[in-house]
Amino acid sequence: MSHDFTLPDEDATAALGAALGRALPARAADVATHGLVLGLSGDLGAGKTALVRALLRALGIRGPVKSPTFALLEPYALSSLDFYHFDFHRFGAPAEFSSAGFRDLFAPGNVCAVEWPERAGDRLPAPDLVLTFRVMDAGRHVTAAARTERGAAWLQQAIAMMTSPSASMPPTPPAAA
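All of the points below concern the structure found in this document. (Residues numbered from 1 in each chain as written. Predicted model: local features only at pLDDT ≥ 70, side-chain atom pairs only at ≥ 80, totals over all residues. Heavy atoms only, no water.)

## Details of the overall build of the protein chain
Within the protein chain, the secondary structure is distributed over five helices and seven strands. Helices (α) and strands (β) of the protein chain occur, in sequence order from the N terminus, as β-α-α-β-α-β-β-α-β-β-β-α. For 177 residues, the compact-globule estimate of 2.2 N^0.38 gives 16 Å, and the C-alpha radius of gyration of the protein chain, at 16 Å, lies within 12% of that figure. Here the C-alpha coordinates of the protein chain stretch approximately 65 × 40 × 30 Å along the principal axes. Among the 177 residues that make up the protein chain, the fraction classed as buried is 47%. Counting only carbon and sulfur atoms, one obtains 55% of the accessible surface of the protein chain, whose full area is about 8900 Å². (Helix = DSSP H or I, 4+ residues; strand = E, 2+ residues; numbered from the N terminus. Rg over C-alpha atoms; globule rule 2.2 N^0.38 Å. Buried < 20%, exposed > 50% of the residue type's maximum accessible area, 1.4 Å probe, protein only. Areas by Shrake-Rupley, 256 points an atom, 1.4 Å probe, with all protein chains shown as cover.)

## Section: unusual backbone geometry
At W116, a residue that is not glycine, the phi angle is positive and equals roughly 60°. Along the chain, the position of W116 falls in the loop between β5 (110–115) and β6 (129–135). Judged by relative accessible area, which is 10%, W116 ranks as buried.

## Digging into the pairing of strand β2 (residues 36–41)
Across the six residues of β2, six count as buried, placing the element largely inside the fold. Of the two faces of β2, the one carrying L36, L38 and L40 and the one carrying V37, G39 and S41 are both buried. Of the strand pairs in this sheet, β2 and β5 are connected by five bridges, and their pairing is parallel. Within β5, the residue paired with L38 across the bridge is A113. (Pairing = 2+ DSSP bridges.)

## Here we look at the pattern of salt bridges
Considering all chains together, one arrives at two salt bridges under this definition. Residue R150 is joined to D128 by a salt bridge in which the shortest nitrogen-to-oxygen separation is 3.1 Å. Taken as a pair, R150 in helix α5 (residues 149–163) and D128 in the loop between β5 and β6 lie far apart in primary sequence, 22 residues in all. Residue R150 is classed as partly exposed on the basis of its relative accessible area of 24%. (Salt bridge = Lys/Arg side-chain N within 4 Å of Asp/Glu carboxyl O.)

## Digging into the side chain of D30
Mapped onto the elements, D30 comes out in helix α2 (residues 28–34). Leave out the neighbours within four places in its chain, and D30 touches G35 and R150. (Contact = heavy atoms within 4.5 Å.)

## A word on the nonpolar core
In terms of nonpolar packing, the biggest core is built from 36 residues, with L20, F83, L129, L131 and W154 touching the most fellow members. Of all the secondary-structure elements, those providing two or more residues to this core are β1 (2–7), α1 (10–23), β2, α3 (48–58), β5, β6, β7 (140–146) and α5. Sequence-distant contacts of W154, defined by excluding residues within four places in its chain, comprise L20, A23, L24, R27, L36, L38, L55 and L129. Residues F86, F91, F106 and W116 belong to the second largest nonpolar core, which totals 15 residues. (Core = buried A, V, L, I, M, F, W, Y, C linked by side-chain atoms within 4.5 Å.)

Shown next, in the form of structure tokens:
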């Protein structure tokens, strides 16, 4: 399954990230049993970290969400899972993934979002969902490609959340007494 998104601005990128975040709790059984891997490919500045930031905000992370470009990894503990945000842009060869000792983090109970997964080559576990970002004259184009049934279910749920009328509307405040 694949789906194309046109994201005219950072708010649209954040909306896609938030939808993926809101859809993630429904995948809790998949995460607990298999883990979940999200690949994020695209040029520098294409919106990969902005999308992960919005995804984490939707999951309740309130502190800083920074790019792992220099640290390679930023971990986030959530109540029911561990979320690892990787950036392999600085890898010169796939062997660096093996020597970095990250393989054990790609495990049941963990969600791993990986920027520049191609830099780890075939040493990286296969992603469930890959988002490929392309910078356009006005905004971004993202192709989402599910590579597993888990990835397809996650993507379908996120799309449903983005297209439902209540997804874009703020909650209605309680009526005054």
